[in-house]
Amino acid sequence: MLSNKIQWPNGARCACAITFDVDADSLIHISRPTDGFDRLSPISMGRYGPTVGVPRIVETYRRLGLKQTFFMPAWVMEQYPQAVDTILQGGHEIAHHSYLHEDPSAQSDAEQEYWFDKATDVHVAMTGQKPRGYRAPVYNVTQAVLDRLIARGFLYESSLMADDNPYVMRTDAGELIEMPVHWGNDDWPPFAHYAEIGYLMPVRAPSDGLRAFFEEFDAAYEAGGFWMPVLHPFLTGRLARWMQMEKWLEQVLDRGDVWFAPLEDIARHVQAEHRAGRGVRVEDLPYYQRPVHLGR
């Protein structure tokens, strides 16, 4: 079922990383720059993530002995330093997720560079090291961003969807490990109801909404692959949903053959497998050098 099957450490059947994008209320400020500061309902919804959801999630990880990955816009890190401390004290990874959840595809190269490096500086100041991974807001990574990640020494990127398993993205600038995402493993479709950014989904019951993720895991487990949901503390970190996730995690961990790790650790393993010539697929970029259209 997997053409680029990767051997996971210690005989693990599959590799898993539960990733949380801690966007908080950056979304309302970036989408409504003139009056977002006074839209208290979406602000409060976003604040739930770092103030209530993150401590709940980290406590579950502590109890179960898990280390995982959180992506945070640097502005969110500055506004919610206690959430940063909580994540770091739990031994978890914090990865790059822009400055204010700005869409890099809507910026000039100079704007991209400025805000990317400003966010990196915040990471260094608050965590003591440069981030090793990156995820673009709304998955809108561009070729310029990929080349910048390589130039800045990043290990992995997590915005693209070209495979089930991690793979290598190779450009003239060098290589990155891609930790692929997909909307089928994202909690916006089942849970997000956010009028201010034009995203009004019919909110589903926790058991129904999370079932899609669990079925994705079952397929990855059977095939010996990689499973990575993209979750948000103000969505899946809410009480009923996280209770469902916590019970499921307990059952999966009882199997004893599933490797849960931060994305940094999984990416380093994939990089080592690639360098040893053991079947990691490579994609060459850029995909296209010029616009594609119906010109004569």
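The rules behind the values
Residues numbered from 1 in each chain as written. Predicted model: local features only at pLDDT ≥ 70, side-chain atom pairs only at ≥ 80, totals over all residues. Heavy atoms only, no water. Axes fitted to C-alpha atoms, helices over the stretch in contact; angles between N-to-C directions. Helix = DSSP H or I, 4+ residues; strand = E, 2+ residues; numbered from the N terminus. Parallel < 35°, antiparallel > 145°, perpendicular 65-115°, else oblique. Left-handed = near helix turned anticlockwise from the far one by under 90°. Contact = heavy atoms within 4.5 Å. Nonpolar A, V, L, I, M, F, W, Y, C, P; charged D, E, K, R; others polar. Expected span 1.5 Å × (residues − 1). Buried < 20%, exposed > 50% of the residue type's maximum accessible area, 1.4 Å probe, protein only. Pairing = 2+ DSSP bridges. Salt bridge = Lys/Arg side-chain N within 4 Å of Asp/Glu carboxyl O. Phe/Tyr/Trp six-rings, centres within 6.5 Å; stacked < 30°, edge-to-face > 60°. Lys NZ or Arg CZ within 6 Å of the ring centre and 35° of its normal.

A closer look at the packing of helix H8 (residues 206–223) against helix H9 (residues 239–253)
Relative to each other, H8 and H9 sit at 30°, their axes nearing to 9 Å. Relative to H9, the element H8 is oriented roughly parallel. The element H8 and its partner H9 pack so that their crossing is right-handed. Here H8 contributes Pro206, Ser207, Leu210, Phe214 and Phe217 to the contact with H9, which in turn contributes Ala240, Arg241, Gln244, Met245, Trp248 and Val252. Class assignment of the residues belonging to the contact of H8 with H9 gives a composition of eight nonpolar, two polar and one charged.

Remarks on helix H10 (residues 263–275)
Along its 13 residues, H10 runs 18 Å from first to last C-alpha, staying within 8% of the 18 Å computed at 1.5 Å per residue. All buried positions along H10 are accounted for by Leu263, Glu264, Ile266, Ala267, His269, Val270 and Glu273. One or two residues past the end of H10 sits glycine 277, with phi positive at roughly 75°.

Structural notes on unusual backbone geometry
The amide bond that connects leucine 285 to the next residue, proline 286, takes the cis arrangement and shows omega of 5°. With respect to the helices, strands and loops of the structure, proline 286 is situated in the segment after strand E14 (282–284). Within the chain, serine 98 stands out as a residue other than glycine whose phi angle is a positive 85°. Tracing the chain through its elements places serine 98 in the loop between strand E4 (93–96) and helix H5 (109–127).

A short note on the sheet that holds strand E13 (residues 258–260)
If you walk across this open sheet you meet the three strands as E11-E1-E13, and the pairing is parallel. Both outer strands of the open sheet, strand E11 (226–227) and E13, are each paired with one neighbouring strand and no more. With two bridges connecting them, strand E1 (residues 14–16) and E11 associate as parallel partners. Paired with alanine 15 across the two strands is phenylalanine 226, which belongs to E11.

So, the pattern of salt bridges
Considering all chains together, one arrives at 17 salt bridges under this definition. Note that arginine 204 and aspartate 208 form a salt bridge whose closest N and O atoms lie 3.2 Å from each other. When its relative accessible area of 32% is taken as the criterion, arginine 204 is described as partly exposed. Look at aspartate 208 and you get partly exposed, because its relative accessible area is 28%. Here glutamate 215 and arginine 211 are joined by a salt bridge, their closest N and O atoms 3.3 Å apart. A residue pair is termed a helical-turn pair when its members lie 3 or 4 positions apart in one helix, as glutamate 215 and arginine 211 do in helix H8 at four residues. For glutamate 215, a relative accessible area of 45% puts it in the partly exposed group. Given the relative accessible area of 42%, arginine 211 is considered partly exposed. Each member of the salt-bridge network shares a partner with another, and the members are Arg204, Asp208, Arg211 and Glu215.

Quick look at the packing of aromatic side chains
Throughout the structure, instances matching the rule amount to 17 aromatic pairs. Members of the aromatic cluster, connected to one another through ring pairs, are Phe214, Phe217, Tyr221, Trp227 and Trp248. Over the face of the ring belonging to phenylalanine 71 we find arginine 135, whose NZ or CZ atom lies 4.1 Å from the ring centre. One cation-aromatic arrangement involves arginine 238 over tyrosine 48; the distance from NZ or CZ to the ring centre is 4.0 Å.

Focus: the packing of H5 against helix H6 (residues 143–151)
Orientation of H5 relative to H6, taken along the N-to-C sense of each, is 40°, at an axis distance of 11 Å. Taken together, the axis directions place H5 and H6 in an arrangement best described as oblique. As H5 runs across H6, the sense of the crossing is right-handed. Packed against H5, whose contacting residues are Asp109, Gln112, Glu113 and Phe116, the element H6 presents Ala144, Val145, Arg148 and Leu149 at the interface. Split by residue class, the contact of H5 with H6 holds four nonpolar, one polar and three charged.

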